[in-house]
Protein chains: 2
Amino acid sequence: MLSAFPFQNLSKLCVHTITTKSWAIEVAADKYAKAGVKGITVWRDALAGRSPGQVGARIRDRGLEIVSLCRGGFFAGYTATERRAAIDENRRAIAEAKALGAPLIVLVCGAVPGQKLSESRKQIQEGIAAILPDCAAMEIKLAIEPLHPMYADSRSAINTLAQANDMCEALASPLVGVAVDVYHVWWDPALEAEIARCGRIGKIFAYHVCDWRTPTIDLLNDRGLMGEGCIPLRRIRSWVEAAGFSGFNEVEVFSNRLWAMNQDEYLQQIVRAYSEFV
Amino acid sequence: MLSAFPFQNLSKLCVHTITTKSWAIEVAADKYAKAGVKGITVWRDALAGRSPGQVGARIRDRGLEIVSLCRGGFFAGYTATERRAAIDENRRAIAEAKALGAPLIVLVCGAVPGQKLSESRKQIQEGIAAILPDCAAMEIKLAIEPLHPMYADSRSAINTLAQANDMCEALASPLVGVAVDVYHVWWDPALEAEIARCGRIGKIFAYHVCDWRTPTIDLLNDRGLMGEGCIPLRRIRSWVEAAGFSGFNEVEVFSNRLWAMNQDEYLQQIVRAYSEFV
């Protein structure tokens, strides 16, 4: 059935390990490669108890490109102690990315309930600045991912692409860019303009796809596979590419419903949905 | 217990009937008045099978001010037939508001999955323009309520206060203003500036309060009572009042958890939370 489908070129297809989270990373690497997937973004939980270097070697041996490590960030904290711990954790992530061979870490920047969002953004900027020397030493880039406003309470105080672009400009480092995830930004009336701006300042470091289902029954784990929802995927991709981005289209889906499926069939659906809708 | 609490002045406290939705409107009016609530916003479902005129008279007899009727809108539609039906439904809402004695209708403006949000906004503007003559004839105002971006798929293509202000300016009618609901807009980095703008153009017609819980477990019906979450209620109220608003603070809470409580105790909690946190 897979082979009967007229697939588009899959050379830009990347899958996040979280998308098929029940698979051990070795299994994921094997299955992705066999299905024609070309890139993989590794979530840190998938590395638990493993040597990142050995995992990286195995992934490359299967012909997959390691696109990024997910995820760093969470720089906001009520106390200086918490914020220092977050910076230390990010340094560990940088070392992991280096050992794995991932050139980029995606940042979920952080927020803590009840703290002013502007204060959290200040802490985020300070946190990123603090780890930039480590990034430079290890040759690892960082992608600020603006998160949907429904995550402003506890996950990120950066909720629009405009804010992510602003922070890139404030940090003014060639190592800091943006991850554009359609799930978080599709609703934004400024999206086309801010993607263009992000391109002009050379900051589109990653592009993530999935879909928004109606109704959405869970704030975290009810994302749709591409084509199952209302996000104008082709239109947004055209904006991103017009802005100069030529990297992978990364499939990042958190879904209790899809995680409960047979994951081999699900991977076939991912490849098919990528071909039809991205 | 209620009387032992040092309540602040409740003269600006309004409660939406949906907040205590298991109560028939007659019961709600009696209980609200007895608890010291001064205003009521009536949801249309609460009028089912009743004469709006008689309901309005009864509410006023209890000493409550009718603040608004919730809700009109839903102007976006795939077909002209659907959009005409929405306009007709809004005309019925206007007649209901007139009979009830509500001076204002709150608009959840509408969106339909897969239709461009900019197209939905065009349809919303056309829909509001179409009913303005009815509003003028009946002396009913309209409040555009920007909805949280998590409702952009199917409830509203107006997702920021800036967009609501823009639409007010485009419609340029003294009958059209904005309902600011903290749940929808608290995260917006432009909030303070857009509240000030809304005040400058004389368009803050309503102010709704509740809270954002962490974690939020349902996209629709897991709002918090004021003080249960992370929204800076006092700060936002100060912005709204600095912008010239002097109307009611309307408690609008959708919560499966709170609806399951004893509603008499819940109403006491509402009054207490209003005193402490709004």
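Residues numbered from 1 in each chain as written. Chains lettered and ligands numbered in written order. Predicted model: local features only at pLDDT ≥ 70, side-chain atom pairs only at ≥ 80, totals over all residues.

Counting residues at the interface gives 18 residues for chain B and 18 residues for chain A. The class makeup of the residues in the side of chain B that touches chain A is 10 nonpolar, seven polar and one charged. (Contact = placed C-beta atoms within 7 Å. Nonpolar A, V, L, I, M, F, W, Y, C, P; charged D, E, K, R; others polar.)

Superposing chain B onto chain A takes a rotation of 180 degrees combined with a translation of 0.0 Å along the rotation axis, leaving an RMSD of 0.0 Å. Taken together, the turn and the small shift mark the pair as related by a two-fold rotation axis. Of the interface residues in chain B, 100% have counterparts in chain A that sit at the interface too, so the contact is made through matching surfaces. (Least-squares fit on C-alpha atoms with pLDDT ≥ 70 in both.)

The next subject is the sheet that holds strand 1 (residues 13-16) of chain A. Backbone hydrogen bonds hold the strands of a sheet together, and the pairing may be parallel or antiparallel. Residues and elements named next belong to chain A. Reading around the circumference, 1-2-3-4-5-6-7-8 is the order of the eight strands in this closed barrel, with parallel pairing throughout. Looking at each pair of strands side by side, their axes are set apart by 30 degrees on average, direction ignored. Those strands touched by helix 3 (residues 80-100) are strand 2 (39-43), strand 3 (65-73) and strand 4 (104-108), and its axis lies near 175 degrees from that of strand 3. (Pairing = 2+ DSSP bridges. Helix = DSSP H or I, 4+ residues; strand = E, 2+ residues; numbered from the N terminus. Axes fitted to C-alpha atoms, helices over the stretch in contact; angles between N-to-C directions.)

The subject of this paragraph is helix 3 of chain A. Residue and element names in this part refer to chain A. Between its first and last C-alpha atoms helix 3 spans 30 Å; for 21 residues at 1.5 Å apiece the expected length is 30 Å, and the two agree. Within the sequence span of helix 3, burial applies to Arg83, Ala86, Asn90, Ala93, Ile94, Glu96, Ala97, Lys98 and Leu100. Tucked into the core, helix 3 has its buried residues touching strand 2, helix 2 (52-61), strand 3, strand 4 and helix 4 (117-138). Of the residues trailing helix 3, glycine 101 is marked for its positive phi of about 95 degrees. (Expected span 1.5 Å × (residues − 1). Buried ≥ 20, exposed ≤ 12 C-beta atoms within 10 Å, placed from the backbone.)

Before going further, it helps to spend a moment on the sheet that holds strand 8 (residues 249-251) of chain B. Residues and elements named next belong to chain B. With parallel pairing, eight strands are arranged side by side around a closed barrel as 1-2-3-4-5-6-7-8. For this sheet the average axis-to-axis angle between neighbouring strands, irrespective of direction, equals 30 degrees. As defined by bridge partners, strand 2 (residues 39-43) adjoins strand 3 (residues 65-73) across five bridges and the pair is classed as parallel. Bridge pairing in strand 3 places isoleucine 40 opposite isoleucine 66.

So, about the confidence of the model for chain A. When pLDDT is averaged along chain A, the result is 97; 97% of the residues meet or exceed 70. Confidence estimates for the predicted assembly give a pTM of 0.96 and an ipTM of 0.94. (pLDDT = per-residue confidence, 0-100.)

Moving on to unusual backbone geometry. That bond from threonine 214 of chain A to proline 215 of chain A is cis: its omega, -10 degrees, falls within 30 degrees of zero. Within the secondary structure, proline 215 of chain A is located in the loop between strand 7 (204-209) and helix 8 (233-242). Here cysteine 70 of chain B and arginine 71 of chain B are connected by a cis peptide whose omega angle stands at 5 degrees. Looking at where arginine 71 of chain B falls in the secondary structure, it is placed in strand 3. Notably, glutamate 139 of chain B is not glycine yet its phi reads approximately 60 degrees, a positive angle.

With that settled, the discussion passes to the environment of alanine 97 of chain A. Residues and elements named next belong to chain A. If you trace the backbone, alanine 97 turns up in helix 3. On the basis of neighbour count, alanine 97 is assigned to the buried category, with 27 C-beta atoms found within 10 Å. Distance from alanine 97 to isoleucine 128, taken between C-alpha atoms, is 16 Å for residues 31 residues apart in sequence. Beyond its immediate sequence surroundings of up to four residues, alanine 97 is in contact with Leu69, Ala102, Ile105 and Ile140.

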